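Commentary on secondary and tertiary structure
Chain residues, written in single-letter form:
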Amino acid sequence: MSTHSVPASSAPVSPVSSAPVSPASTSISVLGLGMMGSALAAAFLRAGHSITVWNRSAAKTGPLVAQGALPAETVAAAVEASPLIVVCLTTYDTVSTVLGPVADRLAGRTVVNLTNGTPAQAREFADWTAAQGAEYLDGGIMAVPQMIAGPQAYILYSGPRPAFDAHQETLAVLGGTKYVGTDPGLAALYDLSLLTGMYGMVAGVLQAFALIRTESIPAGEFTELLVPWVGAMLNSAPHWAESIDSGQHLTNVSSLAVNQEAFPNLLAAFAAQGVSDELFAPFQALLDRAIGEGYADDGLSRLADLLDRRR
Ligand code: NDP
């Protein structure tokens, strides 16, 4: 994926914005009261909204009902209770299973689906809800449940701008609202791209812990060096982004040739210290391919081009 992958039809990404915490009361139905759905419903309740809740396992409605939510015995009853339906279930397949039987009740309502999924799933589900006469916003939650309604939580939204504008103030009680475009798949694309960055970091940090502790050095002690180091290296991201956007990857800092020659030392140390290379061996293969394709003088940013199979 290049950083230019936002379709021309999309609005520019708006900055994360927060609305006042007490917008006018709105009736909202929340479908799915797992860890995340319960946090969302509780935040709506605290902001003074009228909330109807439904969950497959009815017992999970208890704590929210104690806080003032209305329990719905069926999905149909939950859908009919509110013009705004917030869905947070395990997968899109689950969402289809839950909403499919009540398709004829959705017309005129807005469905905000905060279930994690792919851009293709979001687009397919947007088409399905449109066919039922409903508005659809797809969302990607960039927070864990404990962060909901806190200062660091934000949610990515995509879909029709008027639907987002109509509900932004209400949705802002969950955290910052970041609208990323009319294409309903974009929230998932941004979400998964951000998670990709996170998992890459997690993989590197965990590998580092696995390596350092082979000599009985405590992970906690090593953290004092690791955290500032990773943070400083992350400061290179804007430079890589500039190279990726411009297509100019030549560098005088750390060429692919230098990295390709140094990286085997990591793999050799893993082997010698008894640490698996299953996370890192593919990176060596990618460096080797980059050199094979003639990019020895380029910087690491070139690897993003090599990963993009459309090129
Ligand atoms: P949970 O596992 O805690 O909850 C899953 C929910 O889906 C429950 O309400 C469960 O009902 C329901 N469900 C599962 N299968 C079915 C089914 N066949 N029919 C009806 N309902 C079903 O997950 P979370 O609440 O943590 O996550 C929900 C979504 O939010 C996921 O897409 C997740 O990726 C996303 N998310 C979660 C984050 C987190 O940190 N937890 C962070 C960001 C996004 P029941 O209670 O009956 O099992």
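Keep in mind that this is a model prediction, so the values were computed, not measured.

Calculation criteria
- Residues numbered from 1 in each chain as written.
- Predicted model: local features only at pLDDT ≥ 70, side-chain atom pairs only at ≥ 80, totals over all residues.
- Heavy atoms only, no water.
- Salt bridge = Lys/Arg side-chain N within 4 Å of Asp/Glu carboxyl O.
- Helix = DSSP H or I, 4+ residues; strand = E, 2+ residues; numbered from the N terminus.
- Buried < 20%, exposed > 50% of the residue type's maximum accessible area, 1.4 Å probe, protein only.
- Expected span 1.5 Å × (residues − 1).
- Contact = heavy atoms within 4.5 Å.
- Near = heavy atom within 4 Å.
- Polar contact = N/O pair within 3.5 Å; in protein donor to acceptor, adjacent residues only side chain to side chain.
- Areas by Shrake-Rupley, 256 points an atom, 1.4 Å probe, with all protein chains shown as cover.
- 1 Å grid on protein atoms, 1.4 Å probe; cavity = no way out; pocket = protein on both sides within 12 Å on 5 of 7 lines; lining within 4 Å.
- Sits in = over half its atoms within 2 Å of the grid points.
- Phe/Tyr/Trp six-rings, centres within 6.5 Å; stacked < 30°, edge-to-face > 60°.
- Points joined across faces, edges and corners; volume = space filled by probe spheres on them.
- Nonpolar A, V, L, I, M, F, W, Y, C, P; charged D, E, K, R; others polar.
- Axes fitted to C-alpha atoms, helices over the stretch in contact; angles between N-to-C directions.
- Parallel < 35°, antiparallel > 145°, perpendicular 65-115°, else oblique.
- Left-handed = near helix turned anticlockwise from the far one by under 90°.

**Digging into the pattern of salt bridges**
Oppositely charged side chains are able to pair whenever their charged atoms sit close together. Evaluated as defined, the whole model comprises 10 salt bridges. Here Glu80 ties to Arg105 by a salt bridge, and the two come within 2.7 Å at their closest N and O atoms. With Glu80 in helix α3 (residues 75–81) and Arg105 in the loop between α4 (92–99) and β5 (110–113), the pair connects residues that are 25 residues apart, well separated along the chain. Here Arg105 falls in the partly exposed class, since its relative accessible area comes to 32%.

**Points about helix α10 (residues 256–273)**
Taking 1.5 Å as the rise per residue, α10 with 18 residues should run 26 Å; its terminal C-alpha atoms sit 26 Å apart, in good agreement. If you check which residues of α10 are buried, you get Leu256, Asn259, Phe263, Leu267 and Phe270. Buried-residue contacts for α10 involve α7 (186–212), α11 (281–292) and α12 (302–307).

**Details of the site of the ligand**
Lining the immediate environment of the ligand, one finds 21 residues, of which Met36, Asn55, Ser57, Lys60 and Asn116 sit closest. Met36 places a polar main-chain atom, nitrogen or oxygen, 2.8 Å from an oxygen atom of the ligand. Contacts to the ligand include Leu89, whose backbone N or O atom sits 3.1 Å from an oxygen atom. About the coverage of the ligand: the protein hides 75% of its 900 Å² of free accessible area. Applying the majority rule of atoms within 2 Å of the grid points places the ligand in the second largest pocket. Taken together, the elements giving at least two residues each to the shell around the ligand come down to α1 (35–46) and α4.

**Section: the packing of aromatic side chains**
Geometry of an aromatic ring pair is reported as the spacing of the ring centres plus the angle between the planes. One pass over the full model with this rule turns up 9 aromatic pairs. The interplanar angle of 25° and the centroid separation of 5.4 Å between the aromatic rings of Phe125 and Trp128 together place this pair among those described as stacked. Note that Phe125 and Trp128 are positioned in helix α5 (residues 119–131) at a spacing of 3 residues, about one turn of the helix. With a relative accessible area of 26%, Trp128 lands in the partly exposed category.

**A closer look at the layout of surface pockets**
The computed volume of the second largest pocket comes to approximately 660 Å³. Taken together, 27 residues make up the lining of the second largest pocket; nearest its centre are Gly34, Met36, Cys88, Leu89 and Thr90. Secondary structure elements with two or more residues in the lining of the second largest pocket: α1, α4, β6 (135–142) and α7. Across the lining of the second largest pocket, the residue classes break down as 13 nonpolar, 11 polar and 3 charged.

**Details of α11**
Given a rise of 1.5 Å per residue, 12 residues ought to cover 16 Å, and the 17 Å separating the end C-alpha atoms of α11 matches this to within 8%. Residues of α11 that are buried in the fold lie against α10 and α12. Phi for Gly294, located one or two positions after α11, is positive at around 95°.

**So, the packing of α4 against α5**
Axes are the key here: two packed helices are described by the angle between their axes and the distance separating the axes. Contact geometry for α4 and α5: axes closest at 11 Å, N-to-C directions at 15°. One way to sum up the angle between α4 and α5 is to call them roughly parallel. Note that α4 runs across α5; the crossing there is left-handed. On α5, the residues touching Tyr92, Val95, Ser96 and Leu99 of α4 are Gln121, Ala122, Phe125 and Trp128. A breakdown of the residues in the contact of α4 with α5 according to their chemical character gives 6 nonpolar, 2 polar and no charged.

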